[in-house]
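# Structural overview
What follows is the residue order along each chain.
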Amino acid sequence: MAEKQRIFIVEDERRIARFLQIELEHEGFETAMESNGKRAFERIIQENYNLVLLDVMLPEMDGLTICRKVRELSDIPIIMLTAKDDIEDKVNGLDVGADDYMTKPFAVPELLARIRAALRKHSDHNDADETGDGSARFIVKDLVLFPGRYEVQYKGEPIELTKKEYALLEYLVKNKRNVLTRDQILQTVWGYDYLGDTNVVDVYIRYLRSKIDDRFGEKYIHTVRGVGYVVKEK
Ligand code: CA
């Protein structure tokens, strides 16, 4: 994937659109944004994107209608962004041909994992040369993470993690050698408007340590007193 993948962000809430743009560009994607449903549909058809993030409630044309109309013309990967707990939107989104959906507020690592999975699925489908082994992975010492599959292995041995534990570990590993504050971790892994207890970070760090550091007798996650946490290679 030498060429940058282009992601089209269709979202009328400026704050969320901007947040997505920053995170995706940080990950190396190119982005474009649109807040109007009708224009979004025209641009998906006319312009050249690799994937669409599609909000449901939009002015002039809603996301479900856009998705259905796009599917008559194109098999571009579409991930719907649905409102919190709106089960009906999820079901409808998949009914009208979306590849996946995320419920707002979402955690960035999970969204990125789903974007990669959707892009990979699409390219496997369209490119017979792809091995489809999920080539993107993160490695620290004997630990290997497989982002599209939420999988972690230590010396080839699978480690059972919940999605949240995986997201936290991936964030730490992607930023290995950089100390991450509790706030940074909270915002990225739990979402930009998480309102719960900030102790949740310490609790999950403890889970990860018991499943990895303690279990295999090797220290990966280090505490930096008064600041946060860091994954080190040595
Ligand atoms: Ca909206």
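Up top you'll find the structure we're talking about.
Here goes a summary of the coordinates provided. As the structure is a computational prediction, the values presented were derived from the model and not from experiment.

A few words now on the overall build of the chain. What the chain contains, in helices and strands, is nine helices and 12 strands. Across the chain, contacts joining residues at least 24 apart in sequence account for 57% of those joining residues at least 6 apart. Roughly 12200 Å² of accessible area belongs to the chain as shown, and the carbon and sulfur atoms make up 46% of that amount.

With that out of the way, let us pick up the sheet that holds strand β2 (residues 30-34). Pairing is parallel across the open sheet formed by five strands, whose spatial order is β2-β1-β3-β4-β5. With one partner strand each, in any of the chains shown, β2 and β5 (100-103) form the two edges of the open sheet. Within this sheet the neighbouring strands show an average axis-to-axis angle of 20°, counted without direction. Against the sheet, helix α1 (residues 14-26) makes contact with β1 (6-10), β2, β3 (51-55) and β4 (78-82), and its axis sits at roughly 170° relative to β2, the strand it touches most. The strands that helix α3 (residues 63-71) touches are β3 and β4; relative to β4, the one it contacts most, it runs at about 170°.

Attention now goes to helix α6 (residues 163-174). In this model α6 runs 16 Å from its N-terminal to its C-terminal C-alpha over 12 residues, within 8% of the 16 Å that 1.5 Å per residue would give. Burial in α6 covers these residues: Glu-165, Tyr-166, Ala-167, Leu-168, Leu-169, Glu-170, Tyr-171, Leu-172 and Val-173.

Moving on, we come to the environment of Leu-58. With respect to the helices and strands, Leu-58 occurs in the loop between β3 and α3. C-alpha separation for the pair Leu-58 and Asp-12, spaced 46 residues apart in sequence, amounts to 6.2 Å. The residues touching Leu-58, leaving out its near neighbours within four places in the chain, are Val-10, Glu-11, Asp-12, Ser-35, Gly-37, Gly-63 and Ile-66.

Looking now at the coordination of the calcium ion. Coordination of the calcium ion by the protein comes from Asp-12 (OD), Asp-55 (OD) and Met-57 (O), over a distance range of 2.1 to 2.3 Å. Sequence positions of the donors to the calcium ion reduce to the motif D-x42-D-x1-M. Here Asp-12 is found in the loop between β1 and α1, whereas its partner Met-57 is found in the loop between β3 and α3, with 45 residues between them in sequence. A residue is classified by how much of its surface remains accessible, and Met-57, at 63% relative accessible area, is exposed.

Judged by nonpolar contacts, the single largest core of 30 residues is most densely connected at Leu-143, Leu-168, Leu-169, Leu-172, Ile-185 and Trp-190. Mapped by element, the contributors of at least two residues to this core are β7 (143-146), β8 (151-154), α6, α7 (182-190), α8 (200-211) and β12 (228-231). Each residue touching Leu-172, except ones within four places of it in the same chain, is listed here: Leu-180, Ile-185, Ile-205, Ile-221, Tyr-229 and Val-231. Listed in part, the 21 residues of the second largest apolar core include Ala-32, Leu-58, Ile-78 and Ala-98.

Another point: the sheet that holds strand β9 (residues 157-159). Sheet architecture is open: four strands sit in the order β6-β7-β8-β9, paired in antiparallel fashion. Strands at the two margins of the open sheet, each flanked by one partner only, are β6 (138-140) and β9. Strand-to-strand twist across the sheet, computed as the mean angle between neighbouring axes with direction ignored, equals 25°. Relative to β8, β7 runs antiparallel, the two sharing four bridges. Within β8, the residue paired with Phe-146 across the bridge is Glu-151. Sitting on the sheet, α6 is in contact with β6, β7 and β8, with an inclination near 115° to β7.

In this section: the pairing of β1. β1 sits mainly inside the fold: four of its five residues count as buried. Judged from the five bridges that link them, β1 and β2 form a sheet pairing that is parallel. Bridging across to β2, Phe-8 finds its partner in Ala-32. Crossover handedness for the path β1 to α1 to β2: right-handed. Looking at chain direction, β1 and β3 are connected through four bridges and run parallel. Residue pairing in the sheet places Phe-8 in a bridge with Val-52 of β3.

Rules used throughout
Residues numbered from 1 in each chain as written. Predicted model: local features only at pLDDT ≥ 70, side-chain atom pairs only at ≥ 80, totals over all residues. Heavy atoms only, no water. Helix = DSSP H or I, 4+ residues; strand = E, 2+ residues; numbered from the N terminus. Contact = heavy atoms within 4.5 Å. Areas by Shrake-Rupley, 256 points an atom, 1.4 Å probe, with all protein chains shown as cover. Pairing = 2+ DSSP bridges. Axes fitted to C-alpha atoms, helices over the stretch in contact; angles between N-to-C directions. Expected span 1.5 Å × (residues − 1). Buried < 20%, exposed > 50% of the residue type's maximum accessible area, 1.4 Å probe, protein only. Donors = N, O, S within 2.8 Å, 3.2 Å for Na, K, Ca; no water. Core = buried A, V, L, I, M, F, W, Y, C linked by side-chain atoms within 4.5 Å. Right-handed = clockwise from strand over helix to strand, strands pointing away.

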